[in-house]
Amino acid sequence: ELDSLKTNFFTNISHEFRTPLTLILNPIENILTDQNDSAIRNDLLLVQRNGQRLLELTNQLLDLSKLEAGKLKLAVSEHELSEFLKICIASFDSLAASKKIKFKTDLKNAPKSAYFDHDNLQKILNNLLSNAFKFTPEGGEVVLEVKQENTIMHISVRDSGTGISAKEQEKIFDRFYQNDHNQAGGSGIGLTLTKELVLLHNGTISLDSTVDVGSSFKFSI
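Calculation criteria
- Residues numbered from 1 in each chain as written.
- Predicted model: local features only at pLDDT ≥ 70, side-chain atom pairs only at ≥ 80, totals over all residues.
- Heavy atoms only, no water.
- Core = buried A, V, L, I, M, F, W, Y, C linked by side-chain atoms within 4.5 Å.
- Buried < 20%, exposed > 50% of the residue type's maximum accessible area, 1.4 Å probe, protein only.
- Contact = heavy atoms within 4.5 Å.
- Phe/Tyr/Trp six-rings, centres within 6.5 Å; stacked < 30°, edge-to-face > 60°.
- Helix = DSSP H or I, 4+ residues; strand = E, 2+ residues; numbered from the N terminus.
- Salt bridge = Lys/Arg side-chain N within 4 Å of Asp/Glu carboxyl O.
- Axes fitted to C-alpha atoms, helices over the stretch in contact; angles between N-to-C directions.
- Parallel < 35°, antiparallel > 145°, perpendicular 65-115°, else oblique.
- Left-handed = near helix turned anticlockwise from the far one by under 90°.
- Nonpolar A, V, L, I, M, F, W, Y, C, P; charged D, E, K, R; others polar.
- Pairing = 2+ DSSP bridges.
- Polar contact = N/O pair within 3.5 Å; in protein donor to acceptor, adjacent residues only side chain to side chain.

Novice: Please clarify how the nonpolar core should be interpreted in this entry.
Specialist: Considering soluble globular proteins, one finds that nonpolar side chains tend to be buried as a cluster. Core analysis: the biggest nonpolar cluster contains 41 residues, and Phe103, Met153 and Phe219 have the highest contact counts within it. When sequence neighbours within four positions are dropped, the list of residues in contact with Phe219 reads Leu121, Ile124, Leu125, Leu128, Met153, His154, Ile155, Val198, Thr204 and Ile205.

Novice: I'm lost on the packing of aromatic side chains in this one. Help?
Specialist: Between two aromatic rings, the relevant description is the distance of the centres plus the angle of the planes. All chains considered together, the criterion is met by 4 aromatic pairs. A centroid spacing of 5.0 Å and a plane angle of 55° characterise the contact between Phe84 and Phe116, whose relative ring orientation is tilted. Here Phe116 lies in strand β3 (residues 113-116) and Phe84 lies in helix α3 (residues 81-99), a separation of 32 residues in the sequence. On the basis of relative accessibility, which here comes to 0%, the residue Phe116 falls in the buried class. The structure contains a cluster of three or more aromatic residues connected by ring pairs, namely Phe92, Phe103 and Phe133.

Novice: So what exactly am I meant to see when it comes to the pattern of salt bridges here?
Specialist: Opposite charge on two side chains permits pairing when their charged atoms draw close. For the structure shown, the criterion picks out 4 salt bridges. Linking Lys86 and Glu83 is a salt bridge whose minimum nitrogen-to-oxygen distance equals 3.6 Å. Of this pair, Lys86 and Glu83 both sit in helix α3, 3 residues apart, which is roughly one turn of the helix. Of the residues examined, Lys86 reaches a relative accessible area of 51% and is grouped as exposed. Notably, a salt bridge pairs Arg158 with Glu145, separated by 3.3 Å at the nearest N-O pair. With a gap of 13 residues between them, Arg158 in strand β5 (residues 152-159) and Glu145 in strand β4 (residues 141-149) connect regions that are remote in the sequence. The class for Arg158 is partly exposed, based on a relative accessible area of 33%.

Novice: What exactly am I supposed to notice about the packing of helix α1 (residues 2-34) against helix α2 (residues 38-68) here?
Specialist: Angle between the axes and distance between the axes: these two values describe a pair of packed helices. Where α1 contacts α2, the two axes come as close as 8 Å, and the packing angle between them is 150°. Classed by the angle they form, the pair α1 and α2 counts as roughly antiparallel. In the packing of α1 onto α2, the handedness of the crossing is left-handed. Its residues placed into classes, the contact of α1 with α2 shows 14 nonpolar, 11 polar and 4 charged.

Novice: For this particular structure, what's the right way to read the sheet that holds strand β7 (residues 214-220)?
Specialist: Backbone-to-backbone hydrogen bonds join strands into a sheet, with any given pair of strands oriented parallel or antiparallel. A sheet is described by the order of its strands in space; here 5 strands give the open sequence β2-β4-β5-β7-β6, paired in mixed fashion. One side of each edge strand has no neighbouring strand; the edge strands of this open sheet are β2 (102-109) and β6 (204-210). The mean inter-strand angle of the sheet, taken between neighbouring strand axes irrespective of direction, is 10°. Relative to β7, β6 runs antiparallel, the two being bridged by 7 bridges. Looking at β7, one finds that Thr204 is bridged to Ser220. Packed onto the sheet, helix α4 (residues 118-134) meets β2, β4, β5 and β7 and runs at close to 20° relative to β5. Set on the sheet, helix α6 (residues 190-200) makes contact with β6 and β7; between it and β6 the angle comes to about 140°.

Novice: Can you walk me through α6 in this structure?
Specialist: Owing to its 3.6 residues per turn, the α-helix aligns residues three or four sequence positions apart on the same side. Listed as buried for α6 are Gly190, Leu191, Thr192, Leu193, Thr194, Leu197 and Val198. In this structure, the buried residues of α6 make contact with α2, α4, β6 and β7.

Novice: Just to check I follow, could you spell out the side chain of Ser215 for this structure?
Specialist: Following the sequence through the fold, Ser215 ends up in strand β7. A distance of 2.7 Å separates a polar atom in the side chain of Ser215 from a polar atom in the side chain of Ser209.

Function cannot be read off these values alone, since they describe shape.
In structure tokens form, the structure reads like this:
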């Protein structure tokens, strides 16, 4: 009941947040187009990144409420996988460099094309990669692996981060759950939404983790 109340509250407030956030981001994009001063551009890019992050979190809450109401539908079609993955990977390259984390990819056994919902698979990968970088210390490693097995696509995101205890792994996909040692912040809905979106693809998701060694999230569709 408490989770339901929280979801309803955040859904209502998310609708209020989304419009002003969009009105903030659109002018910034216009200003960036004509801005040549590097110092001002860097400040604007920082504002833009954080504004986009806020909008992303807002949309996650709305997606979660749509899923619960059975109103979120997939728009599945065939996509060229390499181009899709290239865009997903590129968006984390600068974060990896700034945190001095090795970001590796293993795509040699990935299918050339696949059937999936482009936007929602991107949300799944963004959530898993964001978490991996969030909990991996400087000098650590994050690995994205994609491979095909018959008609199944397997994707894993591994990190050398703080890891998750066996007790906490039982609750990690629960709505609003955050472990007691979470110093990195977060909303506690990212992994819930990730799991629901994987299930919507008729897929499966699992976690293998060891404290102080790292975590590996694997999903198959």
